[in-house]
Structure formats: C-alpha cells, structure tokens
Amino acid sequence: MNRIAFIFRTPPHGSASGREGLDAVLATSALSEDIAVFFIGDGVYQLLAGQDPAAVLGRHHAPTFGLLELYDIEAVYVCAESLAERGLNGTELVIEASALTLPELQLHLAGYDVRLSF
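One structure accompanies this document, and this report is about it. (Residues numbered from 1 in each chain as written. Predicted model: local features only at pLDDT ≥ 70, side-chain atom pairs only at ≥ 80, totals over all residues. Heavy atoms only, no water.)

Side note on the overall build of the chain
Here is step 1 of the chain: Across its full length, the chain holds four helices and five strands.
Here is step 2 of the chain: Tracing the chain from N to C terminus, the helices and strands come up as β-α-β-α-β-α-β-α-β.
Here is step 3 of the chain: Residues counted as buried form 42% of the 118 residues belonging to the chain.
Here is step 4 of the chain: Once local pairs closer than 6 in sequence are excluded, the contacts in the chain between residues at least 24 apart make up 75%.
Here is step 5 of the chain: Looking at the chain as shown, the accessible area adds up to about 6,500 Å², and 52% of this sits on carbon and sulfur atoms. (Helix = DSSP H or I, 4+ residues; strand = E, 2+ residues; numbered from the N terminus. Buried < 20%, exposed > 50% of the residue type's maximum accessible area, 1.4 Å probe, protein only. Contact = heavy atoms within 4.5 Å. Areas by Shrake-Rupley, 256 points an atom, 1.4 Å probe, with all protein chains shown as cover.)

Below, the structure is given as structure tokens:
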C-alpha cells in the first residue's frame, strides 16, 4: 500500500481547500493506516484554536482538525519556521503536532509515495 502525505499550505479562510483536504484525509484513513499530515506556510493557520470564519466574512466552516486524533492519525507535522514567521510558538494549536525544521519536513516527505496538497 502506498504511503500518503497530505500537505496543507493555505489559510483556513477564503477557500474550501482546508475543509476539502481534511475530508480527503479522513476518507483515506478508512483505506490506509500509513498517512501523515503536514502543515507548511500559511497552512499552519489551519491549526489555530478559536477561529471564527464569520469574523472575516468567511462562508466556509473552519476545518476541525481535532478529528485527526479520533481517526487515529498520529503522524502530524508542522513547519517550525512557518510558525516562527507568523509569530506562533505551537501552544496555540488545536492538536498536538511535531514541529520540524524545513529540511526535516522535506526528509519526512521524501518517504511518502503520494503527496496531496491543499
């Protein structure tokens, strides 16, 4: 079975990309146990607690990445540089994610046969 990596690069508001990506992760988890989720660039905003799409006139519901734990998806990584560039330290995240440097993320990603970006 292929190892599958889901990469989130976009912020949670302004498009349905995050919601669609989360749906894809959860659906794939029914077929494969070898899944990892990566948050890079503005994708780290997907994990911020206390988001309110209505406050920014968002039409889409904020993705609920807390579901990853319920679906036993434990390989969750966040780019340490992306957090730092946005003034975040990781304590604001809704789920536990391993903070890795960009080279470490690239090394982890290289081990996956399929990479899907959202």
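There is more to say, and it comes next.
A short note on the layout of surface pockets
Here is step 1 of the chain: The computed volume of the largest pocket comes to approximately 200 Å³.
Here is step 2 of the chain: Lining the largest pocket are L68, E69, D72, I73, E74, A75, V76, Y77, I95, E96, A97 and S98.
Here is step 3 of the chain: For the lining of the largest pocket, the secondary structure elements donating two or more residues are α2 (67-70) and β3 (76-79).
Here is step 4 of the chain: Looking at the lining of the largest pocket, its residues break down into seven nonpolar, one polar and four charged. (1 Å grid on protein atoms, 1.4 Å probe; cavity = no way out; pocket = protein on both sides within 12 Å on 5 of 7 lines; lining within 4 Å. Points joined across faces, edges and corners; volume = space filled by probe spheres on them. Nonpolar A, V, L, I, M, F, W, Y, C, P; charged D, E, K, R; others polar.)

Remarks on helix α1 (residues 17-29)
Here is step 1 of the chain: In this model α1 runs 18 Å from its N-terminal to its C-terminal C-alpha over 13 residues, within 8% of the 18 Å that 1.5 Å per residue would give.
Here is step 2 of the chain: Listed as buried for α1 are S17, G18, G21, L22, V25, L26, T28 and S29. Projected onto a plane normal to the axis of α1, the buried residues spread over an arc of 165° and lie on a single side.
Here is step 3 of the chain: Buried-residue contacts for α1 involve β1 (4-8), β2 (35-39) and α2. (Expected span 1.5 Å × (residues − 1). Arc of directions from axis to C-beta.)

Section: the sheet that holds strand β5 (residues 114-117)
Here is step 1 of the chain: Pairing within the open sheet is parallel, and its five strands lie in the order β4-β3-β2-β1-β5. Strands at the two margins of the open sheet, each flanked by one partner only, are β4 (98-100) and β5. For this sheet, the mean angle separating the axes of adjacent strands, direction not counted, is 25°.
Here is step 2 of the chain: Against the sheet, α1 contacts β1 and β2, and its axis sits at roughly 165° relative to β1.
Here is step 3 of the chain: Strand contacts of helix α4 (residues 102-110): β1, β2, β3, β4 and β5, with the helix running at about 145° to β3, the strand carrying the most contacts. (Pairing = 2+ DSSP bridges. Axes fitted to C-alpha atoms, helices over the stretch in contact; angles between N-to-C directions.)

Thoughts on unusual backbone geometry
Of all residues except glycine, most have a negative phi; of all peptide bonds, most are trans.
Here is step 1 of the chain: We note that D72 has phi near 60°; this positive angle belongs to a residue other than glycine.
Here is step 2 of the chain: Among the structural elements, D72 can be located in the loop between α2 and β3.
Here is step 3 of the chain: Of the residues examined, D72 reaches a relative accessible area of 61% and is grouped as exposed.

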